[in-house]
Amino acid sequence: MVHVIVHPGFHKTGTSSLQSWLGQNRRALKPYLSFYGKADFLTAGSAARIYGQKPYPWRLRAFRRSFDRFLNKIPDAPVIVLSRETFSGSMPGHRRFPGRIITGYRSVAVPLGQQVIAALQTRFGADVQITFLYTLRERESWIRSVYGHLLRSIHLRDDYDTFRARFPNLIDPRAEAESIAKTLGVAAHFVDLSEVSDRHEGPAAAVLDLLGVPDKVRAALAPAGRANSGQSKAMEAEFLRMNRASRDKAALKLAKDAMLKVARDTGDAG
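Residues numbered from 1 in each chain as written. Predicted model: local features only at pLDDT ≥ 70, side-chain atom pairs only at ≥ 80, totals over all residues. Heavy atoms only, no water.

1. Here we look at the pairing of strand β3 (residues 79-83)
And then number 1: For β3, the tally of buried residues reaches five of five residues, placing the bulk of the element in the interior.
And then number 2: Where burial is concerned, the two faces of β3 agree: the one with V79, V81 and S83 and the one with I80 and L82 are both buried.
And then number 3: Across five bridges, the pairing between strand β1 (residues 3-7) and β3 is parallel. Paired with H3 across the bridge in β3 is V79.
And then number 4: Inspection of the sheet shows strand β2 (residues 34-36) paired to β3 by three bridges, in the parallel sense. Of the residues in β3, the one forming a bridge with S34 is I80. (Buried < 20%, exposed > 50% of the residue type's maximum accessible area, 1.4 Å probe, protein only. Helix = DSSP H or I, 4+ residues; strand = E, 2+ residues; numbered from the N terminus. Pairing = 2+ DSSP bridges.)

Take a look at the structure:
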């Protein structure tokens, strides 16, 4: 029987670090799992994100077609790990057509999850074992990280207090994940980022723990670094100033990218 672990995020819970480390160690971990991340199914991942922003039935069907194509290309394996935070939709703080702020996942994560499950059953058979693994984060820490990400990635002009006020009934990530998994009717595993972020494998430890990968195998691999980490408060303040001052989004992105590169090169990302 094939066992598929689906890691659908959430955003800003160590997902990039998890994907990076598992991708780098794909060959060494082959006896225990076959890993596929963002770069392996870009089209399906993007289709899921677009559905999160424009949740129309044809967008969901577009995701399913793309996901089916990906699954049909990969070989059978005893354990398959699929990691993509867009399986839960778009990051809160973005806008959903026609303009409402996205404040949670459930409304799009459930139909996306249903399609993921149906596609896996079609590809691997009705008896495929499916486990949803959620990496999570404390509520206020999570929204603070979301804010920092949006400052650097989109034209956000709100200071943090204004941004936070847009989420008066902010979801608790764990409660949201548990509700989604219960509705989907799948086995689910929930891991707080604080439990794994300092482990040798970083957030990827959540996957290896679930599969019981031996300690001696894990210790032989290079320790995890941080991917897509947040920026310093000073850089956030500068991004906010730039967002408010500029109307040229293309030039703004180039300027931000240059700042981030300097920060990474000097180890001053925060």
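2. Things to note about the environment of L18
And then number 1: Within the secondary structure, L18 is located in helix α1 (residues 15-24).
And then number 2: On the basis of relative accessible area, L18 is assigned to the buried category, the value being 0%.
And then number 3: For the pair formed by L18 and A205, sequence separation is 187 residues and the distance between their alpha carbons is 8.1 Å.
And then number 4: If near-sequence neighbours (up to four positions away) are discounted, L18 is found in contact with H7, S83, T135, P203, A204 and V207. (Contact = heavy atoms within 4.5 Å.)

3. Description of unusual backbone geometry
And then number 1: Note the cis peptide between G9 and F10, where omega equals 15°.
And then number 2: By the element assignment, F10 lies in the loop between β1 and α1.
And then number 3: The peptide bond linking F97 to P98 adopts the cis configuration, its omega dihedral lying at 10°.
And then number 4: Following the sequence through the fold, P98 ends up in the loop between β4 (95-96) and β5 (100-101).
And then number 5: A positive phi angle is found at K12, which is not glycine, with a value near 60°.
And then number 6: Looking at where K12 falls in the secondary structure, it is placed in the loop between β1 and α1.
And then number 7: The buried category is assigned to K12, whose relative accessible area is 11%.

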